[in-house]
Amino acid sequence: MEQDTIAAISTPVGEGAIAIVRLSGEEAFTIANRLFQTKDFQQVDSHTIHYGKLVDPKTNELVEEVMVSVMRGPKTFTREDIIEINCHGGMVSVNRVLQLALREGARLAEPGEFTKRAFLNGRIDLSQAEAVMDLIRSKTDRAMSVALKQMDGRLSSLIRDLRQQLIETVAHVEVNIDYPEYDDVEEMTHTVLTDKTTYVKTEVEKLLQTAKQGKILREGIGTAIIGKPNVGKSSLMNILAHENKAIVTEIPGTTRDVIEEYVNVRGVPLRLIDTAGIRETEDIVEKIGVERSRQALQEADLILLVLNGNESFTEEDAALFEAAKDMDFIAIVNKSDLEMKLDLDQVRQAAGDAPVITTSLIHEQGIDELESAIGDTFFDGSIDSGDLTYVSNVRHIQLLEQAETALQDALEAMENDMPLDLVQIDITRTWELLGEIIGEDVNDSLIDQLFSQFCLGK
Amino acid sequence: MYDAGRYDVIVIGAGHAGVEAGLAAAKRGAKTLMLTLNLDLIAFMPCNPSVGGPAKGVVVREIDALGGHMGKTIDKTHIQMKLLNTSKGPAVRALRAQADKVLYQQEMKYVIENQENLTLRQGMVEKLLIEDDQIKGVMTETKACYYADQVIVTTGTFMRGKVLIGDIEYESGPNNQRPTILLSEQLEELGFELVRFKTGTPMRVNSHTIDYSKTEIQPGDEVPRAFSYETTEFITDQIPCWLTYTGEVTHQIIDENLQKSAMYSGAERGAGPRYCPSIEDKIVRFNDKPRHQVFLEPEGRKTDEVYVQGLSTSLPEYVQKKLLETVPGLENAEIMRAGYAIEYDAVVPTQLWPTLETKKIAGLYTAGQINGTSGYEEAAAQGIMAGINAAAQALDKEPLILDRSQAYIGVLIDDLVTKGTDEPYRLLTSRAEYRLLLRHDNADLRLTDIGYDMEMITEERYAMFNRKKDLIQDEIARLEKTRIKPTKEIQEIIEEIGGSQLKDGILAADLLRRPEVKYDTIKRIVPTEDQLPEDVEEQVEIHIKYEGYIKKSNQQVEKMRKMENKLIPDHINYDEVHGLATEAQDKLKEVRPLSVGQASRIAGVNPADVSILLVYLEQGMRSKVSNE
């Protein structure tokens, strides 16, 4: 019956060594082909496993190296074509892979849907039907309570507000259609509708942006410590780690051997990047090379730039400021216990709006100031999440992405001068998609809106 | 009591539902009897003298494509006709006609009298004859017993009807006709759930007492128009309507007298329609509006009565008079009939199958306003479907259920029997998910085949229809393969319509897809051998220009159909379905949907319940197979 292709993370939530994204349905292979541009899974033998590089088809960016199991129906769990992508453990990578699969045309599976399909396609024994029904029920109830917990109050009120604006607009179009002689309302125009649509699209894009920021919050703020050799980077690292009980996670088997440490500084989770490099060699550039250090910088959300107060400002320091200039960073003038040879004005000038903190890491001085500077950077909005409404749920992200597409379609239709009642199809669709996020019933609310907004009748 | 004869189908009532029901049943070959209170009030319009409008106008065309008569009759008897929403997309255009009420009735009565298999009788039905939950016939108050295994009740607002004007109230059907009390009582005794609804109508004033110079003229279209695909003669001498407005003083009078309105005096009253509010409702709910529109609509060619659209009211007559005095053009208007509200019993429509047969009593159908709808078109739509299905049952043929992608009629009936309604139900274009597919211009393409299969469309008309279909297909095919070269001449034509120049050759269809290009331009560039009929050109243009949207809609329809095709056996015991939420269980037991698709549209049945239902059905099917 349902021929569409479904996808879900089919390993338990939490930290495991690997996590699996499973796709089932007619398009499982073609979706996988789009994610692994170099492979054609239609051509490989069934029930085989393949190494591949998973690439974001939109940006051509390498996402991860993974193993892919290919199983052709009907000899599969659901009797449909199945692809299983084995990712590295941790929610970040597996969520990313799932999101890409959804963007390429899969639908997020309903709770218990793989099992349901297995049953409907005759894979599961009749005697288990009741168990299957119970499974759907319990999984749905659990998913609902989890979804409710995940739903940020600010997010739902924001979405409610967007929906209200959309439905007022749609009701306006509808009243023009169903009551063409009603003269109390101006005829809705392409201009008005374009403005409204553009506004909602911007808001939806902002929300999608927060999905990234939400990720930062959960995954920690990627923090890189940079500086010339022997300025105190490892001391800084050790102090942050020691004071805040670092959790060291080893990420094995990836393209890079990186040790990341998670520390929580005044409620702000930091993920210290490439600390191994710093620790062992005191020089990130030396250890991983210029290219790699640039990459490390790129991945960072926050940079701690360490200077030696006992030395004058060098070209190398200037180069570091140059590298950090478009990012959030904090300049740390260390070794305040020694004679100050650095021109602080020059440092402040180079730092621009970024804070400059003076420390003596050896004597553990200035740590409080540093930590509060990190907190300020975080809550000030320079890493914009102090008052952040953020989207984290994969289903929500998928719905928002679909809403973004629908709004884009509406805008394009208006550019092509399509009649408003057709443009409205995509706007109504957006309204429905946003409704799904907050679990609001669509039944009849448009008609309610129509009659509360306008005075109609014979 | 005497035996007055045996029929296949009996229709009680001859309003807009009744006439279509009787005609449809008779055309299908069932021996049909129509019983009505008053032979002079067949297809009577107790409220506004108009037919059509957005969504409703499309329904009239759908009825016509199925072989019904509303369209043909209004084509012959209107005083003006308009195509609405011409500045909008093709999906929402619709015709509306102002009717000559008397002529409409006469014409419809004549059609009925001349219909083979159809008998018309005056009589008040007092009792339904029922044995073992199967309808057997009806008995009139004159004690005539007519027997039939199919009976369609189309009693409109007559069941326990009560007219209200100010503090006056009396038992009555619309326009002071006798109400039906016993039928209501019997339905209740049989266990039917009834609900109390209300509606209203404005005063009619004498045309000679209106100062039209203070109003704005509202003429019909100059181009001749018609609802029916069979109409070949068009009315050219049209009569205009007029537009005026209420003002602050009007609103003040209403406000001061609100307590005197039957609907605002505090008594508990039935639910009224939001889309057809009384002027009292408008003032109360939208008190910031400085004025409301009032349309003056002549009720016919040979009458002075003018319908005052916009002033539906149940205020006392003297207040009605007073408020007219404040409306420009109506200062001296004489009321010929006062406005009134009417309350009536309706059958809760979730008690019906999608064929409009009641679930309780086999062979008993209800159609029209009795099912909680409002509007002549909604009534007629149910009438024709009930007639088709009652005849099918009598003649042992397949029932006809239209789905939501086939017709507004399908949307209407599915909404009624699946969701019910807590106010008089009116069709709106926004109720349809596939509005782009349910256009007024393609009603024939959607439904003529069905009408023909039902033997309700003549061979002649069907041949004409097939010719049209072929012409459309041929022309689309031609444009999809004709390449236009960027010659100087063609570039000039394109420049003339404000398009950008061709760089290369282009398919005619692709050129038509450009926003600024119309079929007329294509015709100039690549003319057809013979001039195509206008409606064919229109179809070609819509089909090509909106192809993207149409395809999208069709994909959604396909998805919906898969669920519609998952049938639920009638004997299903929802108590046995493990894991269904209690609310879903209750709703499913009430509605008894025929398919999983219908089940999924019931409020309170969520996607998990639908999944569980699917698993349950699969289980049943497999155990059946294994038992055999």
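Quick caveat: nothing in here was measured; it's all calculated off a predicted structure. (Residues numbered from 1 in each chain as written. Chains lettered and ligands numbered in written order. Predicted model: local features only at pLDDT ≥ 70, side-chain atom pairs only at ≥ 80, totals over all residues. Heavy atoms only, no water.)

**Examining the overall build of chain A**
Along the backbone of chain A there are 15 helices and 13 strands. Buried residues in chain A amount to 52% of all 458 residues. In chain A, 67% of the contacts between residues at least 6 apart in sequence involve partners at least 24 apart. (Helix = DSSP H or I, 4+ residues; strand = E, 2+ residues; numbered from the N terminus. Buried < 20%, exposed > 50% of the residue type's maximum accessible area, 1.4 Å probe, protein only. Contact = heavy atoms within 4.5 Å.)

**Notes on the overall build of chain B**
Assigned secondary structure in chain B consists of 20 helices and 24 strands. Computed over its C-alpha atoms, the radius of gyration of chain B comes to 26 Å, within 12% of the 25 Å expected for a compact globule of 628 residues. In terms of its C-alpha atoms, chain B occupies a principal-axis envelope of roughly 80 × 80 × 50 Å. Per-residue burial for chain B yields a buried fraction of 62% across its 628 residues. Restricting the contact set of chain B to residue pairs at least 6 apart, pairs at least 24 apart contribute 73%. Accessible surface, chain B: about 25200 Å² in total, of which carbon and sulfur atoms supply 48%. Averaging the coordinates of the 76 positive side-chain charges in chain B and doing the same for the 97 negative ones gives two points 3 Å apart. (Rg over C-alpha atoms; globule rule 2.2 N^0.38 Å. Areas by Shrake-Rupley, 256 points an atom, 1.4 Å probe, with all protein chains shown as cover. Lys, Arg positive; Asp, Glu negative; His and termini not counted. Charge placed at Lys NZ, Arg CZ, Asp CG, Glu CD.)

**Some remarks on unusual backbone geometry**
Residues and elements named next belong to chain A. For the bond running from glycine 73 to proline 74, omega is 5°, close enough to zero to count as cis. Relative to the helices and strands, proline 74 resides in the loop between strand S4 (61-71) and strand S5 (82-88). Even without a glycine there, the phi angle at histidine 47 is positive, about 55°. Of note, histidine 47 is situated in the loop between helix H1 (28-35) and strand S3 (48-56).

**Some points on the pattern of salt bridges**
All names here are of chain B. Applying the stated criterion across every chain yields a total of 69 salt bridges over all chains. Note that glutamate 188 and arginine 160 form a salt bridge whose closest N and O atoms lie 2.9 Å from each other. In this pair, glutamate 188 sits in helix H5 (residues 182-189) while arginine 160 sits in the loop between strand S11 (150-153) and strand S12 (162-165), placing the two residues 28 residues apart along the sequence. Note that glutamate 299 and arginine 204 form a salt bridge whose closest N and O atoms lie 3.2 Å from each other. Of this pair, glutamate 299 sits in the loop between strand S18 (293-298) and strand S19 (305-309) while arginine 204 is found in strand S15 (residues 204-206), placing the two residues 95 residues apart along the sequence. What makes arginine 204 buried here is its relative accessible area of 5%. Connected through shared salt-bridge partners, Arg404, Asp414, Asp415, Lys419, Glu433, Glu564 and Arg601 make up one network. (Salt bridge = Lys/Arg side-chain N within 4 Å of Asp/Glu carboxyl O.)

**Considering the sheet that holds strand S6 (residues 94-99) of chain B**
Residue and element names in this part refer to chain B. With respect to topology, three strands assemble into an open sheet ordered S4-S6-S5, the strand pairing being antiparallel. Sheet topology places strand S4 (50-52) and strand S5 (78-84) at the edges, where each strand pairs with a single neighbour. Adjacent strand axes in the sheet meet at a mean angle of 15°, parallel and antiparallel pairs treated alike. Sheet contacts for helix H3 (residues 70-77): S4, S5 and S6; angle to S5, the most-contacted strand, approximately 115°. (Pairing = 2+ DSSP bridges. Axes fitted to C-alpha atoms, helices over the stretch in contact; angles between N-to-C directions.)

**Some details on the confidence of the model for chain A**
All names here are of chain A. Here chain A averages 78 in pLDDT, while 78% of its residues score no lower than 70. Of all the helices and strands in chain A, strand S8 (residues 247-251) carries the lowest mean pLDDT, 44, while H1 carries the highest, 93. Predicted confidence for residues 245-258 stays below pLDDT 50, and this span has 24 contacts to residues more than four positions away or in other chains. Within the model, pLDDT remains below 50 along residues 275-290, and this stretch shows 35 contacts once partners closer than five positions in the same chain are excluded. (pLDDT = per-residue confidence, 0-100.)

**Some remarks on the domain arrangement of chain A**
All names here are of chain A. Entries for chain A in the domain assignment read domain 1 (6-109), domain 2 (131-210 + 391-451) and domain 3 (217-379). Each side of the interface is counted separately: domain 1 has eight residues, and domain 2 has five residues. Between domain 1 and domain 2, the buried area comes to about 550 Å², and carbon and sulfur atoms account for 59% of it. When residues of domain 1 are sorted by the area they lose upon contact with domain 2, Gln99, Leu102 and Leu108 head the list and together hold 68% of the total. Along the contact surface separating domain 1 from domain 2 lie zero salt bridges. Counting across the domain 1 and domain 2 interface gives one residue pair in polar contact (both at pLDDT 80 or more). Taken together, the elements giving at least two residues each to the side of domain 1 that touches domain 2 come down to helix H2 (91-103) and strand S6 (107-108). The biggest single contributor to the side of domain 1 that touches domain 2 is H2, with five residues. (Domains from an automatic or database assignment. Buried area = accessible area lost by both parts, 1.4 Å probe. Polar contact = N/O pair within 3.5 Å; in protein donor to acceptor, adjacent residues only side chain to side chain.)

**Focus on the interface of chain A and chain B**
Contact residues are listed per partner, giving 55 residues for chain A and 66 residues for chain B. Run the count over chain A and chain B and you get six salt bridges. Glutamate 187 of chain A serves as the salt-bridge partner of lysine 88 of chain B, at 3.4 Å between the closest nitrogen and oxygen. Breaking the side of chain A that touches chain B down by element, the ones donating at least two residues are helix H3 (113-120), helix H4 (129-150), helix H5 (153-178), helix H13 (394-415), helix H14 (420-438) and helix H15 (445-453) of chain A. Across the side of chain A that touches chain B, the residue classes tally to 26 nonpolar, ten polar and 19 charged. (Nonpolar A, V, L, I, M, F, W, Y, C, P; charged D, E, K, R; others polar.)

**Observations regarding helix H4 (residues 101-113) of chain B**
Residues and elements named next belong to chain B. Compared with the 18 Å implied by 1.5 Å per residue over 13 residues, the 18 Å span of H4 between its first and last C-alpha is a close match. For H4, the full list of buried residues reads Lys101, Tyr104, Gln105, Glu107, Met108, Val111 and Ile112. Burial along H4 is one-sided: seen end-on, the buried residues are contained in an arc of 165°. For H4, the elements touching its buried residues are helix H1 (16-27), strand S3 (32-36), H3, S6, strand S7 (118-122) and S15. (Expected span 1.5 Å × (residues − 1). Arc of directions from axis to C-beta.)

**Re the packing of helix H2 (residues 56-65) of chain B against helix H9 (residues 376-394) of chain B**
Residues and elements named next belong to chain B. One way to put it is that H2 packs onto H9 with a least axis distance of 9 Å and a crossing angle of 25°. Viewed along their axes, H2 and H9 adopt a mutual orientation that is roughly parallel. Note that H2 runs across H9; the crossing there is left-handed. Where H2 approaches H9, its residues Lys56, Val59, Val60 and Ile63 are matched on the opposing element by Glu377, Glu378, Ala380, Ala381 and Ile384. Of the residues in the contact of H2 with H9, the class split is six nonpolar, no polar and three charged. (Parallel < 35°, antiparallel > 145°, perpendicular 65-115°, else oblique. Left-handed = near helix turned anticlockwise from the far one by under 90°.)

**Topic: the pairing of S5 of chain B**
Residue and element names in this part refer to chain B. Counting buried positions along S5 yields seven of seven residues, so the element is predominantly enclosed. By the bridge criterion, six bridges tie S5 to S6 in an arrangement that is antiparallel. Across the sheet, the residue bridging to methionine 81 is alanine 97, located in S6.

**Quick word on the packing of aromatic side chains**
Think of a pair of aromatic rings as described by two things: how far the centres are apart, and how the planes are tilted against each other in angle. In the structure shown here, the tally under the stated rule is seven aromatic pairs over all chains. Plain terms: the ring middles of phenylalanine 36 of chain A and phenylalanine 41 of chain A are 5.5 Å apart, the flat faces sit at 85° to each other, and that makes the pair edge-to-face. An aromatic cluster is built from Phe313, Phe321 and Phe329 of chain A, whose rings are joined through pairwise contacts. The ring of tyrosine 245 of chain B has arginine 291 of chain B sitting right over it, with the charged end atom 3.6 Å from the ring centre. The residue whose ring lies beneath lysine 359 of chain B is tryptophan 353 of chain B, and the NZ or CZ to ring-centre distance is 5.4 Å. (Phe/Tyr/Trp six-rings, centres within 6.5 Å; stacked < 30°, edge-to-face > 60°. Lys NZ or Arg CZ within 6 Å of the ring centre and 35° of its normal.)

**Let's talk about the environment of aspartate 343 of chain A**
Residues and elements named next belong to chain A. Along the chain, the position of aspartate 343 falls in the loop between strand S12 (328-334) and helix H11 (344-351). Look at aspartate 343 and you get partly exposed, because its relative accessible area is 40%. As a C-alpha pair, aspartate 343 and leucine 208 span 135 residues in sequence and 43 Å in three-dimensional space. One polar contact links the side chain of aspartate 343 to the main-chain amide nitrogen of aspartate 345, over a distance of 3.0 Å.

**A word on the nonpolar core**
Membership of the largest hydrophobic core comes to 72 residues, with the highest contact counts inside it found for Ile152, Met385, Leu402 and Ile409 of chain B. Here the element with the most residues in this core is H9 of chain B; it accounts for ten residues. Here leucine 402 of chain B is in contact with Leu66, Met385, Ala407, Ile409, Gly410, Leu447 and Ile450 of chain B, once residues within four sequence places are set aside. Counting 56 residues, the second largest nonpolar core, distinct from the first, contains Ile167, Val200, Leu411 and Met414 of chain A. (Core = buried A, V, L, I, M, F, W, Y, C linked by side-chain atoms within 4.5 Å.)

**Let's talk about the pairing of strand S2 (residues 9-12) of chain B**
Residue and element names in this part refer to chain B. Burial of the side chains of S2 extends over both faces: Val9 and Val11 are buried on one face and Ile10 and Ile12 on the other. Of the pairings in the sheet, the one linking S2 to S11 comprises four bridges and is parallel in character. Paired with isoleucine 10 across the strands is valine 151, a residue of S11. As for the winding sense of the linkage, the β-α-β connection from S2 through H1 to S3 is right-handed. (Right-handed = clockwise from strand over helix to strand, strands pointing away.)

**Regarding a negative patch on the surface**
Residue and element names in this part refer to chain B. Judged by side-chain charge, Glu193, Glu583, Asp586 and Glu590 come together as a negatively charged surface patch. Along the polypeptide, glutamate 590 turns up in helix H18 (residues 582-591). Take glutamate 590: its relative accessible area is 41%, and that puts it in the partly exposed class. (Patch = residues over 30% accessible without salt bridge, like charges linked within 9 Å, V, L, I, M, F, W, Y side chains within 5 Å.)

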